[in-house]
Amino acid sequence: MGATPIYGKDKILMFRLYEQRAPAGATKLALQTQHSWKYDSKSDSTETKDGTINSPATTSVTLDIEAVASLDDVNKFLEDAAKNSKLLEVWDINLADKQADGKYGAKYGQGYLQSWEVPAEVGKLTTIKTTMNIDQLPVDGTATVTADQQNEIQYAFADTTKVTADQSNG
């Protein structure tokens, strides 16, 4: 079997305040346009009479995020987390990587937003730009995406019949 390409549209970010681990599940960042992981390790070099010797450095990781701004709870709690240095959890979930157990291939990290930028340009949608400093290294694993979270990603199929009160409440 050949290599399967990875499409950016299949990768979503979900967030949760670390302090909300017990009472709340993760929530998807709506209207995301792009994100990128950056691994950076600058090695120190020492010149010797025999040539340069490099010593490895610890890798630092950041996650750059861009999305169309919206008046939703996720934008609000992310902005608050940036302003008040609150620890966040993030999942980078690949919806094209569904596992046998129904979970999806994912990358998980914890860290702090180091910035919150909201440029508003005439004639364009307002966007948010932020960078998250990740503590240690992100971990690969699998993540659950609940039916409610799936509905955040894509609206559910609706039938042509009348919608009852039970159906409209999820």
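Thresholds, definitions, all that
- Residues numbered from 1 in each chain as written.
- Predicted model: local features only at pLDDT ≥ 70, side-chain atom pairs only at ≥ 80, totals over all residues.
- Heavy atoms only, no water.
- Helix = DSSP H or I, 4+ residues; strand = E, 2+ residues; numbered from the N terminus.
- Buried < 20%, exposed > 50% of the residue type's maximum accessible area, 1.4 Å probe, protein only.
- Contact = heavy atoms within 4.5 Å.
- Areas by Shrake-Rupley, 256 points an atom, 1.4 Å probe, with all protein chains shown as cover.
- Core = buried A, V, L, I, M, F, W, Y, C linked by side-chain atoms within 4.5 Å.
- Salt bridge = Lys/Arg side-chain N within 4 Å of Asp/Glu carboxyl O.
- 1 Å grid on protein atoms, 1.4 Å probe; cavity = no way out; pocket = protein on both sides within 12 Å on 5 of 7 lines; lining within 4 Å.
- Points joined across faces, edges and corners; volume = space filled by probe spheres on them.
- Nonpolar A, V, L, I, M, F, W, Y, C, P; charged D, E, K, R; others polar.

### Some thoughts on the overall build of the protein chain
Working step 1: Summing up its helical and strand segments, the protein chain has three helices and ten strands in all.
Working step 2: Of all 170 residues assigned to the protein chain, the portion counted as buried reaches 29%.
Working step 3: For the protein chain, the share of sequence-separated contacts (at least 6 apart) that also reach a separation of at least 24 residues comes to 63%.
Working step 4: Accessible surface for the protein chain amounts to roughly 11,600 Å². Of this, 49% is attributable to carbon and sulfur atoms.

### Topic: the nonpolar core
One recurring pattern in soluble globular proteins: nonpolar side chains tend to sit buried together.
Working step 1: With 20 residues, the main nonpolar core has Phe 15, Leu 29, Leu 63, Leu 78, Leu 88, Val 90 and Met 132 as its most contacted residues.
Working step 2: Ranked by the residues each element gives to this core, the list is headed by helix α1 (residues 73–84), at five residues.
Working step 3: If we ignore the near neighbours within four places in the chain, the residues touching Leu 63 are Leu 13, His 35, Ser 36, Trp 37, Val 90, Thr 130, Thr 131, Met 132 and Ile 134.
Working step 4: Residues Ala 26, Trp 91, Ala 106 and Ala 143 belong to the second largest nonpolar core, which totals nine residues.

### Comments concerning the environment of Glu 66
Working step 1: Here Glu 66 lies in strand β6 (residues 60–68).
Working step 2: With a relative accessible area of 27%, Glu 66 lands in the partly exposed category.
Working step 3: Counting along the chain gives 51 residues from Glu 66 to Glu 117, while the straight-line C-alpha distance between them is 9.6 Å.
Working step 4: Discounting residues that sit within four places of it in the chain, Glu 66 has contacts with Gln 32, Thr 33, Gln 34, Ile 128 and Lys 129.

### Notes on unusual backbone geometry
Working step 1: Positive phi, normally seen in glycine, also occurs at Leu 31, with a value near 55°.
Working step 2: When you line up the elements, Leu 31 lands in the loop between β2 (27–28) and β3 (32–40).
Working step 3: Phi is positive for Ser 85, which is not a glycine, with a value near 50°.
Working step 4: For Ser 85, the position within the fold is in the loop between α1 and β7 (88–98).

### Things to note about the pattern of salt bridges
Working step 1: Scanning all chains against the criterion turns up eight salt bridges.
Working step 2: Measuring nitrogen to oxygen at the nearest pair gives 3.2 Å for the salt bridge that ties Asp 10 to Lys 9.
Working step 3: Connected via shared salt-bridge partners are Arg 16, Arg 21 and Glu 89.

### Remarks on the layout of surface pockets
Working step 1: In this structure, the largest pocket encloses a volume near 170 Å³.
Working step 2: In this structure, the largest pocket is lined by Gly 8, Lys 9, Lys 11, Ile 12, Leu 13, Lys 28, Leu 29, Gln 32, Thr 33, Gln 34 and His 35.
Working step 3: Elements with a minimum of two residues in the lining of the largest pocket: β1 (11–17) and β3.
Working step 4: Broken down by element, the residue count for the lining of the largest pocket peaks at four residues, all from β3.
Working step 5: Considering only residue class, the lining of the largest pocket consists of three nonpolar, five polar and three charged.

Keep in mind these values describe shape, not function.
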